[in-house]
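Residues per chain are reported as follows:
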Amino acid sequence: MTRIIAAMNMTLDGFCDHTAGIPDEALHQHYTELLDKGAIALYGRITYQLMEYWRPMVKNPTGNKSMDEFAIAIDRIPKIVFSHTLKNVDWETATLARQGLEETVLALKQPGDGGDKNILICSPGLIVQLTNLHLIDEYQLCIHPVVAGSGLPLFKNIHEQMMLKLIKTKTFDSGGIILYYEPQK
C-alpha cells in the first residue's frame, strides 16, 4: 500500500523552521530511517534549496556519523521539486515536477510493483495543499522545545476542520517529540 506521509519539524508555538530545531544524533537517525523507507520525497522550491545543504557532505563527510548518514539518505532518495521559478535542478536524484501536485501524487499512488512504498511530503506549502485535497495518510510532526515567536505556521490556509487520531509518539533526549497522526475519515 502506498502511503502519503507529511513529515515536518515545528517549534512548540507551531512554526515550521528547519533551523530552529535541536538536531541531535537520534533525530538525524530517525529521519535517515524515514528516508530509507521512502520511495520518493516531494519538495517545494524553498525546502528543496534548504536540503541542498546536505549535498557536499556525501563527498566530504563531516565525521559526525548521524549527519553523514542523513546526508547519504537525502542524497539517495528520488526527489520531485515543485516550483514556478526553477527552470532546472542539478541534484542527480531530483527532477522538476512535470504535472501539478495533485496529478503527480495520484499517479504515484497507483499500484505498480505491488510493494509498500511511502511518499514523503517535506514542504509546508505542499502539506497544506495535500491536506486540503485529503491526500495525506499520516502526519509526522516533530515538535521541538523551542518558541520561535514568529515564522511560517504549518496549517495556514486550511479550508475546513479536520480531526486527527494520535497513533503513536516518539521522544528524543533533546526534548523533541514526534507526534504521529492519521486523519479520521
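Draft legend 1. Region of the structure containing the packing of aromatic side chains. Under the defined criterion, the tally for this structure stands at 4 aromatic pairs. A centroid spacing of 4.7 Å and a plane angle of 70° characterise the contact between Trp54 and Phe70, whose relative ring orientation is edge-to-face. Within this pair, whereas Trp54 is found in the loop between helix H2 (45–51) and helix H3 (55–59), its partner Phe70 is found in helix H4 (residues 65–76), the two being separated by 16 residues in sequence. Relative accessible area serves as the criterion here: at 9%, Trp54 is assigned to the buried category.

Draft legend 2. Expanded view of the environment of Leu101. Position of Leu101 among the secondary structure elements: in helix H5 (residues 101–109). With a relative accessible area of 8%, Leu101 lands in the buried category. C-alpha of Leu101 to C-alpha of His134: the two residues are 33 residues apart in sequence and 13 Å apart in space. Setting aside residues no more than four positions away along its own chain, Leu101 makes contact with Leu42, Phe82, Leu126, Gln129 and Leu130.

Draft legend 3. View of the environment of Leu108. Mapped onto the secondary structure, Leu108 falls in helix H5. Taking the C-alpha atoms as reference, Leu108 lies 35 Å from Ser150; in sequence the two are 42 residues apart. Here Leu108 is in contact with Thr2, Ile40, Leu42, Ile80, Lys117 and Ile119, once residues within four sequence places are set aside.

Draft legend 4. Representation of the packing of helix H1 (residues 25–37) against H4. Contact geometry of H1 with H4 gives a least axis separation of 9 Å together with a crossing angle of 20°. Considered as vectors, H1 and H4 are oriented roughly parallel to each other. As for the relative orientation of H1 and H4, their crossing is left-handed in sense. Contacts from Glu25, His28, Tyr31, Thr32, Leu35 and Asp36 in H1 reach Ser66, Met67, Glu69, Phe70, Ala73, Ile74 and Arg76 in H4. When the residues that make up the contact of H1 with H4 are grouped by side-chain class, the tally is 6 nonpolar, 3 polar and 4 charged.

Draft legend 5. Representation of empty space enclosed by the protein within the structure. Per the counting criterion, the structure on display carries 1 cavity of 30 Å³ or more. Of the voids in this model, the largest cavity is the one considered here, and its volume is about 50 Å³. Taken together, Thr131, Asn132, His134, Ile158, His159, Glu160 and Met162 form the lining of the largest cavity.

Definitions and cut-offs
Residues numbered from 1 in each chain as written. Predicted model: local features only at pLDDT ≥ 70, side-chain atom pairs only at ≥ 80, totals over all residues. Heavy atoms only, no water. Phe/Tyr/Trp six-rings, centres within 6.5 Å; stacked < 30°, edge-to-face > 60°. Helix = DSSP H or I, 4+ residues; strand = E, 2+ residues; numbered from the N terminus. Buried < 20%, exposed > 50% of the residue type's maximum accessible area, 1.4 Å probe, protein only. Contact = heavy atoms within 4.5 Å. Axes fitted to C-alpha atoms, helices over the stretch in contact; angles between N-to-C directions. Parallel < 35°, antiparallel > 145°, perpendicular 65-115°, else oblique. Left-handed = near helix turned anticlockwise from the far one by under 90°. Nonpolar A, V, L, I, M, F, W, Y, C, P; charged D, E, K, R; others polar. 1 Å grid on protein atoms, 1.4 Å probe; cavity = no way out; pocket = protein on both sides within 12 Å on 5 of 7 lines; lining within 4 Å. Points joined across faces, edges and corners; volume = space filled by probe spheres on them.

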